[in-house]
Amino acid sequence: MKNTRRDFIKASALATGGVLAAQSFVLPGAYAAPKETHLKLALIGCGGRGTGAVFQAMETGHPIKLVAMADAFRDRLDGSLKPILDKYGAEKVDVPEDRKFVGFDAYKHAIAEADVVILATPPGFRPDHFTEAVKQGKQIFMEKPVATDAVGIRKVLKAAEEAKAKKLNVVVGLQRHYQDNYRKTIAKIHAGEIGDIIGGQVYWNDGGVWVRPRKPEQTEMEYQMRNWYYFNWLCGDHITEQHVHNIDVANWVKKGYPVKAEGTGGRMVRTGKEFGEIFDHHSVLFTYADGTVIQSECRHFPGAANRVDESFQGTKGKAYLSAGNHGVLTDYAGNKIYEHDRENNINPYQQEHNELWAAIVKGEYKFADAENGARSTMTSLLGRAATYSGKVITMDDAINSEISLFPETLAWDAAPKLLPNADGFYPHAIPGKTITV
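Residues numbered from 1 in each chain as written. Predicted model: local features only at pLDDT ≥ 70, side-chain atom pairs only at ≥ 80, totals over all residues. Heavy atoms only, no water.

- In the annotation of an unreviewed UniProt entry, the chain is listed under the name Gfo/Idh/MocA family oxidoreductase and assigned to Algoriphagus pacificus.

Structure representation (structure tokens):
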């Protein structure tokens, strides 16, 4: 059955934060009658973000032991384990050789060893990893974004329903939902302090990220996975991988999701073969059900002005928010209605773990972030479809797209769907010609 605009919009309550009213219940598995003195944690995806999430879990102060790790690459796993073990020692880290899992199916084995899992691989793998973690009945922290195409989004939405039925806590790393200035300022917006929202602008403009040079011995599959940021089946383009944060804030403020998008984008500065297929700039107009238009802009232009923040206009005033703990509401005469106290705010990356682990330890079912994570990720994919095609794309068409970016076979000698030409350049979208839904 197709997802309609009504189906998509009626889920908008989750955009207000994804936190359920706390319900006491007996957690599945080990939680029913805990005999262990610690909660067993598995890390799936041993890059910088996954490693950081383990540190944040440990810093909650709860009785946690890292017992399993999984990654496609052994060197990534070893590079992650060393600093965790150096800091926390054998009391909190017990990952022997037989619980170090490497390869494409490693995640299944690591998930089976744990009570709680951190899913932090490149996002193209997230739908399968999340589905498996829910199937096995685990409590879950998963990084954003949660998919790279609509096929994956639908898989996440299906698993999200199963997670709710099983009362599994799921927190998604859209950490602004756990950041004090966003929570308090957006609560004021929702209380009507600046009237009805009639417009807004959201930005992630910076100079871009790392590049890992190709090595002669690498297969095409390994090269793309090592350089996952530049291939859409793995990353989704930077409108999804990074800018989803700001797009999600727009959805949160609007208490809903857009019904259509139009925009433009391309490769103007980062044009080399090392940048794979992704664009270096996207500019999108998202239109919501009530006619409100939010402008979205993201770019990777080294040396240009950086901007990562969100602004909104209401019928009575305007709002400004940023990750630097800013939160300001003013009327149109410039008088302050509210200004967030920027002192002593808890790091939101830490706070999302503080709240998740507190609920798990107490045996509470409190967090169901997966649906909003999927729908905000889908909003970014809607924007990508608009910029790649140069056409107006509806959410109905985007969410129901059958275009799958994922390889038919996952193996080191298998070919991804996107391959370079004889000169090493990858085909990329051309607005006006590319079909995206």
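**Examining the overall build of the chain**
Inference 1: Broken down by element type, the chain carries 13 helices and 17 strands.
Inference 2: Its C-alpha radius of gyration of 21 Å places the chain within 12% of the 22 Å reference for a compact globule of 437 residues.
Inference 3: Buried positions account for 59% of the 437 residues belonging to the chain.
Inference 4: Taking the contacts inside the chain whose residues are at least 6 apart along the sequence as the reference set, 76% of them involve residues at least 24 apart.
Inference 5: Of the roughly 17,600 Å² of accessible surface on the chain, a fraction of 51% belongs to carbon and sulfur atoms.
Inference 6: Computed over 53 positive and 53 negative side-chain charges, the separation of the two mean positions in the chain equals 2 Å. (Helix = DSSP H or I, 4+ residues; strand = E, 2+ residues; numbered from the N terminus. Rg over C-alpha atoms; globule rule 2.2 N^0.38 Å. Buried < 20%, exposed > 50% of the residue type's maximum accessible area, 1.4 Å probe, protein only. Contact = heavy atoms within 4.5 Å. Areas by Shrake-Rupley, 256 points an atom, 1.4 Å probe, with all protein chains shown as cover. Lys, Arg positive; Asp, Glu negative; His and termini not counted. Charge placed at Lys NZ, Arg CZ, Asp CG, Glu CD.)

**Regarding the pattern of salt bridges**
Inference 1: The full count for this structure, using the stated rule, is 24 salt bridges.
Inference 2: In this structure, Lys144 and Glu241 form a salt bridge, with 3.2 Å as the shortest nitrogen-oxygen distance. Residue Lys144 is found in the loop between strand S6 (139–142) and helix H6 (150–165), and its partner Glu241 is found in helix H9 (residues 238–241); the two are separated by 97 residues along the sequence. Here Lys144 and Glu241 have matching classes, each one buried.
Inference 3: A salt bridge links Arg307 to Asp309, with the shortest nitrogen-to-oxygen separation between them at 2.8 Å. (Salt bridge = Lys/Arg side-chain N within 4 Å of Asp/Glu carboxyl O.)

**Section: the layout of surface pockets**
Inference 1: Looking at the largest pocket, its volume works out to about 1,000 Å³.
Inference 2: Considering the residues around the largest pocket, the lining is formed by 46 residues, among which Gly47, Arg76, Pro122, Trp210 and Trp228 are closest to the centre.
Inference 3: Taken together, the elements giving at least two residues each to the lining of the largest pocket come down to helix H2 (48–58), strand S3 (64–71), helix H3 (74–92), helix H4 (106–112), helix H5 (126–135) and helix H8 (220–226).
Inference 4: In terms of residues, the lining of the largest pocket owes the most to one element, H8, which gives three residues.
Inference 5: Here the residues of the lining of the largest pocket sort into 21 nonpolar, eleven polar and 14 charged.
Inference 6: Computed from the structure, the second largest pocket encloses a volume of approximately 520 Å³.
Inference 7: Taken together, 25 residues line the second largest pocket, and the ones lying closest to its centre are Asn232, Glu277, Arg384, Ile403 and Leu405.
Inference 8: Per element, the largest residue contribution to the lining of the second largest pocket is five residues, and it comes from helix H12 (residues 370–389). (1 Å grid on protein atoms, 1.4 Å probe; cavity = no way out; pocket = protein on both sides within 12 Å on 5 of 7 lines; lining within 4 Å. Points joined across faces, edges and corners; volume = space filled by probe spheres on them. Nonpolar A, V, L, I, M, F, W, Y, C, P; charged D, E, K, R; others polar.)

**Focus on unusual backbone geometry**
Inference 1: Backbone torsion omega between Lys144 and Pro145 reads -25°, so that peptide bond is classified as cis.
Inference 2: Residues other than glycine seldom take positive phi values, yet Lys167 does so here, at roughly 55°.
Inference 3: With respect to the secondary-structure elements, Lys167 resides in the loop between H6 and strand S7 (170–172).
Inference 4: Here the phi dihedral of Asn325 falls at roughly 70°; this positive angle occurs in a residue that is not glycine.
Inference 5: Take Asn325: it is sitting in the loop between strand S13 (317–322) and strand S14 (326–331).

**Quick word on the sheet that holds strand S5 (residues 116–119)**
Inference 1: Read from one edge to the other, the open sheet built from six strands follows the order S4-S3-S2-S5-S6-S7, with strand pairing classed as parallel. In this open sheet, the two strands that pair with only one neighbour each are strand S4 (100–102) and S7. On average, each strand axis in the sheet is inclined to that of its neighbour by 15°, with strand direction left out of account.
Inference 2: Two elements, S3 and S4, share three bridges in a ladder whose sense is parallel. Bridging across to S4, Ala70 finds its partner in Phe101. (Pairing = 2+ DSSP bridges. Axes fitted to C-alpha atoms, helices over the stretch in contact; angles between N-to-C directions.)

**Things to note about the sheet that holds S14**
Inference 1: Strand order in the open sheet formed by nine strands is S15-S14-S13-S12-S8-S11-S10-S9-S17, and the pairing between neighbours is mixed. Edge positions in the sheet fall to strand S15 (336–339) and strand S17 (393–394), since each has one partner strand and no second.
Inference 2: Here eight bridges tie strand S8 (residues 197–206) to strand S12 (residues 307–314), and the two strands are oriented antiparallel to one another. Across the sheet, residue Asn205 finds its bridge partner in S12, namely Arg307.

**Overview of the UniProt feature "domain: GFO/IDH/MocA-like oxidoreductase" (unreviewed entry) in the chain**
Inference 1: As annotated by UniProt and renumbered to match this structure, "domain: GFO/IDH/MocA-like oxidoreductase" (unreviewed entry) occupies residues 183–318.
Inference 2: This span, residues 183–318, is 22% helix and 31% strand, and a straight line between its end C-alpha atoms measures 16 Å. (UniProt positions renumbered as here; feature names shortened; annotations may be inferred.)

**As for the nonpolar core**
Inference 1: Grouped together as the largest cluster of nonpolar side chains are 67 residues, with contacts concentrated most on Phe130, Ile140, Met142, Ile153 and Phe312.
Inference 2: Residue contacts for Ile153: discarding those within four places in its chain leaves Val146, Ala147, Ala374, Thr377, Met378, Leu381 and Ile399. (Core = buried A, V, L, I, M, F, W, Y, C linked by side-chain atoms within 4.5 Å.)

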